[in-house]
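Understanding the architecture of this molecule
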Amino acid sequence: MIRVDGRGDSKSLIQVRGLTKTYRRGGEEIHVLQRLNLDVDKGDFVAFMGPSGSGKTTLLNLLGGLDVPSAGGITVDGDEITHMSGSKLTHWRARHVGFIFQMYNLIPVLTAFQNVELPLLLTKLSSSERRHHVETALSVVGLRERMNHYPRQLSGGQEQRVTIARAIVSDPTFLLCDEPTGDLDRKSADEIMALIEELVGKHGKTVLMVTHDPMVAARAHTTLHLDKGVLVEASQLEQGVVAGGVA
Amino acid sequence: MKFWRLIVANLFRKKVRLILTIGSFAIALLLFTFLAVVQSAFNRGIDIAGADRLVIINRIGLIQTMPISYGDRVRAIPGVKYVTQDHWFGGVYQDEKNFFPQFAIDVDNHRQVYPEFKVPDDQWKTFVKDQQGAIAGARTARRFGWKIGDRIPIKNSLYGAAKTWEFNLDGIYSTEKADGDESQFWFHWKNFDENVPAAVKSTAGWYILKLDSPDDAVRVAKTIDAQFANSSYETKTETESAFAASFAKQFGNIQFLIVSIGSVVFFTLLLVTGNTMAISVRERTGELAVLKAIGVTDRSVLFLVLGEAMMIALFGGFLGLLLAWAAIPVLSVALNGLLPPLLLSKAMLSLGLVFAVFVGMVSGLIPGIGAMRMRVVNALRRV
Ligand SMILES: Nc1ncnc2c1ncn2[C@@H]1O[C@H](COP(=O)(O)OP(=O)(O)OP(=O)(O)O)[C@@H](O)[C@H]1O
Ligand SMILES: [Mg+2]
């Protein structure tokens, strides 16, 4: 169950309470997130939408432990991450989060195999165990036979699939995708989305995704809109718009 | 370090840049090693044992003279075969930049001590009889187009009021070795002695002695210095190469020169390598951010950058030392006479390697710390 009212029970995989992020630019304060609440269960697939600058990336970065909030808390699988020290947070990320960004994802001088192997280099796995995991992850994304290719030898969609393989190779608690299809054409975007759906449906992954594309968002179980610093469910947003239009 | 593959891959990203950086590193290290070798040549322990010629100078320094009477006293010491003395003249032929060394020599003993300087007998005989006579090295004679019989005017202001001394070129000496010193200019010590102020009269700049046997070198040197200890002109007896070194030091503060050039080389190299690393890091900001996002620690990111800088340093360092190893023997021969022999010792090679590693470390440190401190969110935002 996905909730945005802050009333989810403590069994939720991800619990966000009163999350606030304020940036200061010049003398001006930008209140990006204002006491935002969110509950996500294991196996959920959420899409975040909202106009540019509404704070989607900010929210994802906070959830992924890449940034620290101005106030509020985030608990993932029982771990309160907002008070973790820098290096503890880094280890937490390695263990629990799979990131898929819009770009910069792959190291151009490493092959697909070596790119996917990167997160495993942070573990104690032996090289044959690593090889096994990498090959499995690349099979899931359908690129096993391309594992010795370099990123420049792959299409944009294939690169994103390699990124997905890297995100899932260490079996993280959840995946964070910031516009994973933002750079792709429709066909490649569909393939990527089919893959992410499969990860959720078949492999039980939990996915939180930011997108601008309603067709991409439609694949998620729930679409949440960022509006004035809080999350709103799509249905309520429409009502609000209608109500606003009438008033 | 499991990331070695990434370090190597990063290293070869921009091949031209890598070659240029490694090239600068190698050249700088060659220069550094050369300086270190020269420096050590000047400071080399004065190993008297085995020398068959020794030089006596005033203990205070090379510019100080000694009484001419020392010659006979040294000659009396057992084991000493011949003694001769020189005096530095320091004149100018036409122009300051026409430098060549001029010595007032002891005509009676010079040839016995320096058999390697060949003067045809008839020329030598003319010279001995002619108190205004002079002998020039073949190289210097060629350089100024001098012929036997020419009158050579040399200005001098070291001894009393400035005046021009005129010499008759009676002979030209040469050496058998292709790299021998054929630049000197000799004239009679008697001529010198008669024309200098009273304070300079009856002095020798330094004595050169030839021994009966090299086995006596240590003993003879000790005997001489002991004999003149506690006199107003104490002596220091040393080998010719040590003498050459202190001689070269007269022309300037070599130590200071070497240290300043060395520092310039060091800082230039630091900037070149540091700049390369800074550019590499800046180009890879996004990738480094992704690495950090997936859980690579800040410290590992620092090591990635340092590791790359160290690889450049080690490659460049080895190449530079290899060049030095090939070039220094050649340079040593080419500079013969001007400098003491240059030796590239194992210690020097290790010093070069330590230097390379140090430069690698320092140049990687600033960009590395920058990469370490970089925040993922900011890096990903900067498109
Ligand atoms: N480091 C920062 N300093 C100041 N302001 C910032 C900083 N990071 C983000 N902001 C501001 O916070 C707001 C939210 O940014 P964010 O990137 O989260 O938006 P977004 O919803 O992801 O937008 P987009 O759809 O364009 O990616 C923007 O107004 C942005 O300018
Ligand atoms: Mg964004």
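Predicted model, so just to flag it, every value in this text is computed and none were measured. Residue numbers here run from 1 along each chain, matching the order of that chain's written sequence. Here chains are named by letter from A upward and ligands by number from 1 upward, in the order in which they appear as written. With pLDDT at 70 or above as the cut-off, local features in this predicted model cover only qualifying residues; side-chain atom pairs require 80 or more to be listed or tallied, and sums for whole chains, interfaces and linings still use all residues. Hydrogens are left out, water is left out, and the side-chain values use all remaining heavy atoms of the structure.

Another aspect to go through is the overall build of chain B. A count of helical and extended segments in chain B gives 14 helices and 12 strands. Just to be clear, the radius of gyration here is over C-alpha atoms, and the globule rule we use is 2.2 Å times residues to the power 0.38. Taking 2.2 N^0.38 as the reference for a compact globule, 383 residues should give roughly 21 Å; the C-alpha atoms of chain B span a radius of gyration of 29 Å, well beyond that estimate. Over its C-alpha atoms, taken along the principal directions, chain B stretches across nearly 90 × 45 × 40 Å. The buried share of chain B, reckoned over its 383 residues, is 51%. The contact criterion used is simple: two residues touch if any of their non-hydrogen atoms lie within 4.5 Å. Sequence-distant contacts in chain B: of pairs separated by 6 or more residues, those separated by 24 or more amount to 80%. Each accessible area is a Shrake-Rupley result for a 1.4 Å probe, and residues are judged covered by the shown protein chains and nothing else. When the accessible surface of chain B is split by element, carbon and sulfur atoms take 62% of a total near 18,300 Å². None of His or the chain ends enter the tally, which takes Lys and Arg as positive and Asp and Glu as negative. Charged side chains are reduced to one point each, which is NZ for Lys, CZ for Arg, CG for Asp and CD for Glu. Here chain B carries 41 positive and 32 negative side-chain charges, and the mean point of each set is 16 Å from the other. Going along the chain from the N terminus, every DSSP run of H or I of four or more residues is numbered as a helix, and every run of E of two or more is numbered as a strand. When accessible area is computed with a 1.4 Å probe and restricted to protein chains, residues below 20% of their type maximum are described as buried, those above 50% as exposed, and intermediate ones as partly exposed.

Each partner contributes to the interface: chain B provides 24 residues, whereas chain A provides 31 residues. Contact between chain B and chain A buries roughly 2,300 Å² in total, counting both sides, with carbon and sulfur atoms accounting for 67%. Salt-bridge detection follows one rule: a side-chain nitrogen of Lys or Arg within 4 Å of a carboxyl oxygen of Asp or Glu. Across the contact surface, chain B and chain A share two salt bridges. Residue Arg5 of chain B pairs with Glu117 of chain A through a salt bridge whose shortest N-O separation is 3.3 Å. A simple way to read buried area is as the amount of 1.4 Å-probe accessible surface that goes missing from two parts once joined, with both sides added.

A word on unusual backbone geometry. Residues and elements named next belong to chain A. Of note in this structure, Asp171 is not a glycine but carries a positive phi near 50 degrees. Looking at the secondary structure, you find Asp171 in the loop between helix H5 (156-168) and strand S7 (174-178). Its identity is not glycine, yet Lys228 carries a phi of approximately 55 degrees, on the positive side.

Residues and elements named next belong to chain B. A pocket, in this scheme, is an open set of points on a 1 Å grid over the protein atoms alone with protein on both sides within 12 Å along at least 5 of 7 lines, while a cavity is a set where a 1.4 Å probe fits but cannot get out; residues line either one if an atom lies within 4 Å of a point. Grid points are joined across faces, edges and corners, and a volume is the space filled by probe spheres set on the points. Enumeration over the complete set of coordinates arrives at seven cavities of 30 Å³ or more. By volume, the largest cavity amounts to about 80 Å³. Every residue along the wall of the largest cavity is listed here: Asn10, Leu11, Arg13, Lys14, Arg17, Leu18, Thr276, Ser280, Arg284, Glu308 and Ile312. Looking at the lining of the largest cavity, the elements that each hand over two or more residues are helix H1 (4-11), helix H2 (15-43), helix H10 (254-283) and helix H12 (298-334). Classification used: nonpolar for Ala, Val, Leu, Ile, Met, Phe, Trp, Tyr, Cys and Pro, charged for Asp, Glu, Lys and Arg, polar for all others including Gly. The class makeup of the residues in the lining of the largest cavity is three nonpolar, three polar and five charged.

What follows concerns the packing of aromatic side chains. Residue and element names in this part refer to chain B. Any pair of Phe, Tyr and Trp rings, taking the six-membered ring for Trp, is counted once the centres come within 6.5 Å. Such a pair is stacked with planes under 30 degrees apart, edge-to-face with planes over 60 apart, and tilted for the rest. Applying the stated rule across the entire model yields 35 aromatic pairs over all chains. Plain terms: the ring middles of Tyr93 and Phe144 are 4.9 Å apart, the flat faces sit at 65 degrees to each other, and that makes the pair edge-to-face. Separated by 51 residues along the polypeptide, Tyr93 in the loop between strand S3 (80-88) and strand S4 (102-105) and Phe144 in helix H6 (residues 138-144) bring together distant segments of the chain. Three or more aromatic residues joined by ring pairs form one cluster here, namely Phe89, Tyr93, Phe100, Phe144, Trp146, Tyr159, Trp165, Phe167, Phe185, Phe187 and Phe192. Whether a charge lies above a ring is judged from NZ of Lys or CZ of Arg, which has to be within 6 Å of the ring centre and within 35 degrees of the ring normal. A cation sits over an aromatic face here: Lys163 above Trp165, 4.8 Å from the ring centre.

This brings us to the site of ligand 1. In the neighbourhood of ligand 1, 15 residues make up the surrounding shell, with Ser52, Lys56, Thr57 and Thr58 of chain A together with Arg381 of chain B lying closest. Proximity criterion: a residue is near a molecule or strand once any of its heavy atoms comes within 4 Å of it. Looking at the residues close to ligand 1, they fall on chains A and B. Separating an oxygen atom of ligand 1 from a backbone N or O atom of Ser54 of chain A is a distance of 3.3 Å. For the purposes of these results, a polar contact is taken to be a pair of N or O atoms within 3.5 Å, where, inside protein, one atom must be able to donate a hydrogen and its partner to accept one; residues adjacent in sequence count only when each atom of the pair is a side-chain atom. One of the side-chain N or O atoms of Thr58 of chain A is found 2.5 Å from an oxygen atom in ligand 1. Across the complex, the protein chains shield 76% of the 640 Å² of accessible surface that ligand 1 would expose by itself. At the level of secondary structure, the elements contributing two or more residues to the shell around ligand 1 comprise strand S1 (14-25) and helix H1 (56-63) of chain A together with helix H14 (376-381) of chain B. Among the elements that take part in the shell around ligand 1, H1 of chain A stands out by supplying three residues, more than any other. Residue classes in the shell around ligand 1 are distributed as three nonpolar, eight polar and four charged.

Turning next to the nonpolar core. In globular proteins that are soluble, nonpolar side chains generally tend to be buried together. Residue types Ala, Val, Leu, Ile, Met, Phe, Trp, Tyr and Cys, when buried and joined through side-chain atoms within 4.5 Å, form a set referred to as a nonpolar core. Judged by nonpolar contacts, the single largest core of 79 residues is most densely connected at Leu38, Phe48, Leu63 and Leu208 of chain A. No other element matches H12 of chain B, which puts seven residues into this core. If near-sequence neighbours (up to four positions away) are discounted, Leu38 of chain A is found in contact with Ile2, Arg3, Val4, Ile14, Gln15, Val16, Arg17, Phe48, Leu208, Leu224 and Leu231 of chain A. One finds Leu106, Val162, Val169 and Leu184 of chain A within the second-largest nonpolar core, a separate group that totals 36 residues.

Time to look at the confidence of the model for chain B. All names here are of chain B. As a per-residue quantity, pLDDT reports the predictor's confidence and falls between 0 and 100. Per-residue pLDDT for chain B has a mean of 88; in total, 92% of the residues score no lower than 70. Per-element confidence in chain B is highest for strand S9 (residues 185-188), whose mean pLDDT is 97, and lowest for helix H9 (residues 240-249), whose mean pLDDT is 72. The complex prediction reports pTM at 0.72, with the ipTM value standing at 0.90.

All names here are of chain A. Taken together, six strands build an open sheet; the order of strands is S6-S7-S8-S3-S9-S10 and the sheet is mixed. Two strands close off the open sheet at either side, each with one partner strand: strand S6 (97-100) and strand S10 (230-233). When the angles between neighbouring strand axes are averaged without regard to direction, this sheet yields 25 degrees. Pairing geometry for strand S3 (residues 45-49) and strand S8 (residues 207-210), over four bridges, is parallel. Of the residues in S8, the one forming a bridge with Val46 is Leu208. Where helices are involved, their axes are fitted lines through C-alpha atoms of the stretch in contact, as for all axes, and angles between N-to-C directions lie from 0 to 180°. Packed onto the sheet, helix H6 (residues 186-201) meets S3, S7 and S8 and runs at close to 135 degrees relative to S3. In this scheme, strands are said to pair when DSSP sees at least two bridges between them.

Every α-helix winds through 3.6 residues per turn, so residues three or four apart in the chain are directed the same way. Residues and elements named next belong to chain B. End to end, helix H13 (residues 346-373) covers 40 Å across 28 residues, agreeing with the expected 40 Å (1.5 Å per residue, within 8%). To get the bend at a given residue, fit one axis to the seven residues ending there, fit another to the seven starting there, and take the angle between those axes. Residue Leu365 marks the point of greatest curvature in H13, where the axis turns by about 35 degrees; the proline Pro367 follows within four residues. What H13 keeps buried is the set Met348, Gly352, Phe355, Ala356, Val359, Gly360, Ser363, Gly364, Pro367, Gly368 and Ala371. Helix span is expected to be 1.5 Å times the residue number reduced by one.

Turning next to the environment of Gly27 of chain A. Among the structural elements, Gly27 of chain A can be located in the loop between S1 and strand S2 (28-40). Each C-alpha atom of the pair Gly27 of chain A and Glu117 of chain A lies 45 Å from the other, and the pair is 90 residues apart in sequence.

This part is about the domain arrangement of chain B. Here chain B is described as being made up of domain 1 (4-45 + 253-382) and domain 2 (65-232). Here the bounds of each domain stem from an automatic or database domain assignment. Domain 1 of chain B and domain 2 of chain B are separated by 48 Å when their C-alpha centres are compared.

With that settled, the discussion passes to the environment of Asn37 of chain A. Residues and elements named next belong to chain A. Turning to its location among the elements, Asn37 is positioned in strand S2. In this structure the C-alpha to C-alpha distance between Asn37 and Thr20, which are 17 residues apart in sequence, comes to 9.6 Å. The residues touching Asn37, leaving out its near neighbours within four places in the chain, are Arg3, Val4, Asp5, Gly6, Val16, Arg17, Gly18 and Leu231. A polar side-chain atom of Asn37 sits 2.8 Å from the main-chain amide nitrogen of Gly18.

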